[in-house]
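Architecture at a glance
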Amino acid sequence: MIAPLDLVAAATRMVLDDYAETVIPAEASTNTRELRILDPSVVAADLGPHGPVARAMQGHALRFEDRPSQRAMAESVVELYNNGGVGLLEAGTGVGKSLGYLIPALRWAAANGQRTVVSTNTINLQEQLVRKDLPFLRDAFASEQNVRFALLKGWRNYLCKLRLAQATLLGPTLVDDEASEALEEIRAWSETTEDGSLSDLATPPRGEVWDEVAAESDLCTRNACPHFQDCFLFKARREAAQADVVVVNHHLLMSDVAVRRAAGNWDDPAVIPSYTRLVIDEGHHLEDAASAHLGVTTSRRTLQRLFNRLDRRGRGLVTTLVERLSASRDLLGTASLDVVTQRIVPAVRASREKSDLVFDLLLAVLQSDAAPVMRMNDDFVQHPVWKGGLHIALTDLLRELRVLGDSLTLVSDRLQGGDKRDDTLVMLVNELRSVARRLDASADGLVLALRPPATVEPMVRWLEVKGREGNIAVTAVPLDLAPILRDDLFTRVKTAVVTSATLGTEGDFAFVARRFGLDGGAIKPVTAAFASPFDYQSQALLIVPTDLPAPNEDANRHFAAVVRIVADVARASGGGMFVLFTSHRDVRAAAESLRRSDIADEFTLLVHGEDGRDALLQRFRNSGNAILLGTSSYWEGVDVPGDALRALVIAKLPFRVPSEPVTAAQCEAITARGGDAFGEYMLPHASLRLKQGFGRLIRTGTDRGAIIIADPRVITKRYGRELLRDLPPARRMSGAWSALERQLQRFYGRT
C-alpha cells in the first residue's frame, strides 16, 4: 500500500493504472525547420466566397454562407499560431467555430509540420469533427495539401484481441453463461469492425463483460503480442502519430497532463502524441473536466466489479487460476496452489466483506443526514462513525488488500521464473495483479478522501449516493485547479486556443481567465468575442413574465405558474418546445402535473430520464408537436434546427445549488479572502448556463421562435440586467403573463 502524498498524486496513480508505460509510435521525423509565419488574411480567405470551402460546398450541393465573424475568428487563431500564447475566443451560435480553428490548424501543419490537438467535451462534437468537418476539409484542400486527422480514445475504449481470445478460451470458469454469449457476440464483431472501439458496437455489453476484453495498458505486451500488427489501439495510435489534427476529449487530455506530470516529460509522446498547439473546444467545461480527472472517486460499485472479476459465485479469475493450477503436476504448481487456496482466496473473501462494511457504515452516515450528498469538512475526522466501526473496517480492508497484492506477486514470480513456463497461467496471474493494483489505488483514494493527511493541499470531499441502485461513492477533488491548468497545461504549449459559444460574462473574460489561472502576470490571454450572424431581433422573441412569484420566495406557487405557462406556450406554438429545469425532481413533478391535465392529450410529452437522450431527441424531431422536459444535458450540446423546435421555456435561472459540495467550498474560499462569492462565482456560472440554454432555440439563419424565462428575478433584481446583457439581442418583452400570452399568440400567428 503506497500512502498518497497529495490528491493529484493519488489521482495520477489511478491514471497510470490505465496508461502505465504508454508508448505512442514516434513521428517519422523531428521537425527542426524554421517556422513559416502564416498570413491571417490568406487563411481567412479560405472561408470566403471565392475560397476552397465555398467551391467544395458547391461540389457537395451545399449552400455557402459568407460569415465575416468566422473569418475574423480564423484570423485571430492564425495570430495565436504565429505569435504563440493563449486565446479565449467566444464564438456565438452560427459562427462556425470548428472551421474557424480547423483551417488555421491544417494550414499551419502544411507550412510547419506541427500537429494540433483538438479537445472536446462531448461525443457529439467529436463525431462532427471527424465525420463531417475534417473529411469535408480533406476534400476541399485535396489539390493543395494532404489532410491527415485521427480520433484518439482512451485504452479501455478499444478491444484487446489477446484478452478476447483468453476470455473465450477460459469462458466456462471465468464468466457466467450470459457473459459467455456476449463474448461470442464480441468475437464475431471483432472480425468486421473497423476501429474496434466500444462505440462501434451496436449494443454495448455489460460493463463486467467489457472488463474482460478491454485494452489495458498494464496488461499489454506491446510488440511481443501476436496481434500487435493488427491491434485496434495501436493502429489508432499510429494514425495519431502521423496526423495533422488529433481529436481527443477533455478526459484524455487531462490523462495526458497527469502522465506527463508524473514523468516530468513534456516533450515526448505520452497518452497523446507530443504537441505544442492545442485547441480546447467547449472550453467552458475544462475546469469541471479537470476537477473530475485530477480528483479521486471510489465507489461501492467500483470495488464490487473488481471483486467480481476475482470471484463471482464460483466463477472468475481466482476460480480459473485454481483450476489451472490443480491440473498442474509439478511441485511449483502445487506450491502456488497452496498460496492461492490458503492466502488469496481468503483475502478476496475478507476484502469483499470489509469493503461492504465500510460502505454500509458510510451509507448509514448519509441516511442519518437525510440527504443524498454530504460534504465532509475537516471535522469529519471527529464523526462518531469512526468509533462506530469505520476505523477498524477501513484498517482491516487495507490489510487484506495488502495480503492479496503480496500473495499475487509471490505466485506471479514463481510461475514466471519456473522452468516450464505456462503462458496461460502467467496471463491469468497478470490479470489478477492488474485487479489488485486497481483495488490498491481505489483504497488509496478511499483513505485520502476519508482520512486525508494534514499536509494535503486544500480539497473538497463528499459522500454521495448515485443512481437508482443506491451506489455510494466517496470523492475528493482539488479546491484550486487554476495553478495546475496554468503550470501543467497552458505554459507547456506554444499555442492554446480555448473556445466556446459561452466564455464571457458581464462583457469580459475575467471569470474564465481566473478559473484557468490566466489572470496573473505569467500569461496574459488574448480575448475576443465573435458575434452570431443570426438576426435575433427578427428571429427570436424573449419574454419575461413578472407577475409570478420568484422561485426562492414561493417555490410551490412559482412551480404551478411554470406549468401553466408551459401549457399556454404549447397551445400558442403548437408544441415543438423544450422546457428546461434545473433539477430532475422538477422534471418529474412537471411531467406528473402535465399528465394530469389535458395538455398530454393534445401534445406528445417527452421526459428526460424516461428514455435515452438520442432516442428522445429523435422522437422530438419526428413528432412535430412534442413538449420535451429536460435538465442538465439538454441545456447544451443539443442541436435541433428547423421548425421542430420553435419555443423554449426556462423554468428558472440556473444558479448552482449553494449546498453542492464544490460550490459551497468555492464560495467559502472566496468569502474567506474577502471576495463576493455570489458575484464572483454563482452569477458568472448562471450566466454561462443561461446562455447555453438560450442557444438551443436559434440554430440556423431561418429558425424562428420564442424564449420564455419564467423567473421574474431577471427583471426585478439588479443582477438580472447583467444576465440579460450577456444574452443574444432578441426582441424583448416583460410584464403580466396575460398580456404577454396575447403577444405570443400573435408571434405564432394564432390571432
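Residue positions are given per chain, counted from 1 along the sequence in the order it is written. Where local features are concerned, this predicted model is filtered to residues with pLDDT of at least 70; where side-chain atom pairs are given and counted, the filter is 80 or more; whole-chain, interface and lining totals use all residues. Where side-chain values are given, they derive from all heavy atoms of the structure, hydrogens and water being excluded.

1. Details of the packing of helix α5 (residues 97-112) against helix α6 (residues 123-140)
Between α5 and α6, the least distance of the axes is 11 Å, while the angle of their chain directions is 55°. Overall, the two elements α5 and α6 adopt an arrangement that is oblique. Note that α5 runs across α6; the crossing there is right-handed. Counted together, Ser 98, Leu 99, Tyr 101, Leu 102, Ile 103 and Leu 106 of α5 and Gln 128, Leu 129, Asp 133, Leu 134 and Leu 137 of α6 form the full contact between these two elements. When residues are grouped by polarity, Ala, Val, Leu, Ile, Met, Phe, Trp, Tyr, Cys and Pro land in nonpolar, Asp, Glu, Lys and Arg in charged, and all others, Gly among them, in polar. Taken together, the residues of the contact of α5 with α6 break down into eight nonpolar, two polar and one charged. Angles run from 0 to 180 degrees between N-to-C directions of axes, and those axes are lines fitted to C-alpha atoms, restricted for helices to the stretch in contact. Helix and strand definitions follow DSSP, with helices as H or I runs of at least four residues and strands as E runs of at least two, each counted in order from the N terminus. When describing relative orientation, an angle under 35 degrees is termed roughly parallel and one over 145 degrees roughly antiparallel, while 65 to 115 degrees is termed roughly perpendicular and anything else oblique. By definition, any crossing whose near helix is turned counterclockwise from its far helix by less than a right angle is left-handed, and any crossing with a clockwise turn is right-handed. Residues are treated as being in contact if the distance between any of their heavy atoms lies within 4.5 Å.

2. Notes on the nonpolar core
Residues enter a nonpolar core if they are buried and are Ala, Val, Leu, Ile, Met, Phe, Trp, Tyr or Cys, with the set joined through side-chain atoms within 4.5 Å. Buried residues are those whose accessible area, probed at 1.4 Å on protein chains only, stays under 20% of the maximum for their type, while exposed residues exceed 50% and partly exposed ones sit between those limits. Core analysis: the largest hydrophobic core is formed by 122 residues, its most contacted members being Leu 450, Leu 489 and Phe 490. For this core, the leading source of residues is helix α18 (residues 423-450), giving 13 residues. Residues within four places of Phe 490 in sequence aside, it is in contact with Val 86, Ile 280, Leu 286, Leu 485, Ala 496, Val 498, Phe 516, Leu 518 and Ile 523. Ranked by size, the runner-up nonpolar core spans 48 residues in total, among them Tyr 536, Leu 542, Leu 628 and Cys 667.

3. Side note on the packing of aromatic side chains
Pairing of aromatic side chains requires ring centres within 6.5 Å, counting the rings of Phe and Tyr and the six-membered ring of Trp. Pairs whose planes differ by under 30 degrees are stacked, by over 60 edge-to-face, and all others tilted. Tallying each qualifying case throughout the model produces twelve aromatic pairs. Note on Phe 655 and Phe 678: the rings are 5.5 Å apart at their centroids and 40° apart in plane angle, and the pair reads as tilted. Placement of Phe 655 in the loop between β16 (647-650) and α26 (661-672) and of Phe 678 in helix α27 (residues 677-694) is noted, with a sequence separation of 23 residues between them. Phe 678 sits in the partly exposed class, given a relative accessible area of 34%. Feature note: the residues Trp 155, Phe 228 and Phe 234 constitute an aromatic cluster, connected by ring pairs. For a Lys NZ or an Arg CZ to count as sitting over a ring, it must be within 6 Å of the ring centre and within 35 degrees of the ring normal. One Lys or Arg, Lys 161, reaches over the ring of Phe 232 and ends 4.6 Å from the middle of that ring.

4. A word on the sheet that holds strand β8 (residues 459-466)
Should DSSP find at least two bridges between two strands, the strands are regarded as paired. Taken in spatial order, the four strands make up an open sheet running β6-β9-β8-β7, and their pairing is antiparallel. This sheet does not close on itself; its edge strands, each paired only once, are β6 (296-299) and β7 (373-375). Put simply, the sheet's adjacent strands are angled 15° from each other on average, direction ignored.

5. Digging into the sheet that holds strand β2 (residues 116-120)
On the basis of which strands lie adjacent, the open sheet formed by seven strands has the order β3-β4-β2-β5-β10-β1-β11 and parallel pairing. A strand with exactly one partner marks an edge of an open sheet, and here the two such strands are β3 (149-151) and β11 (526-530). Averaged over all neighbouring strand pairs, the angle between strand axes comes to 15°, with direction disregarded. By the bridge criterion, four bridges tie β2 to strand β5 (residues 277-280) in an arrangement that is parallel. In the sheet register, Val 117 faces β5, and the bridge partner there is Leu 278.

6. Quick look at the confidence of the model for the protein chain
Every residue carries a pLDDT, the predictor's confidence in it, which falls somewhere between 0 and 100. Looking at the protein chain, the pLDDT average stands at 90 and 95% of residues meet or exceed 70. Scored below 50 in pLDDT, residues 1-5 makes twelve contacts in the model with residues more than four places away or belonging to other chains.

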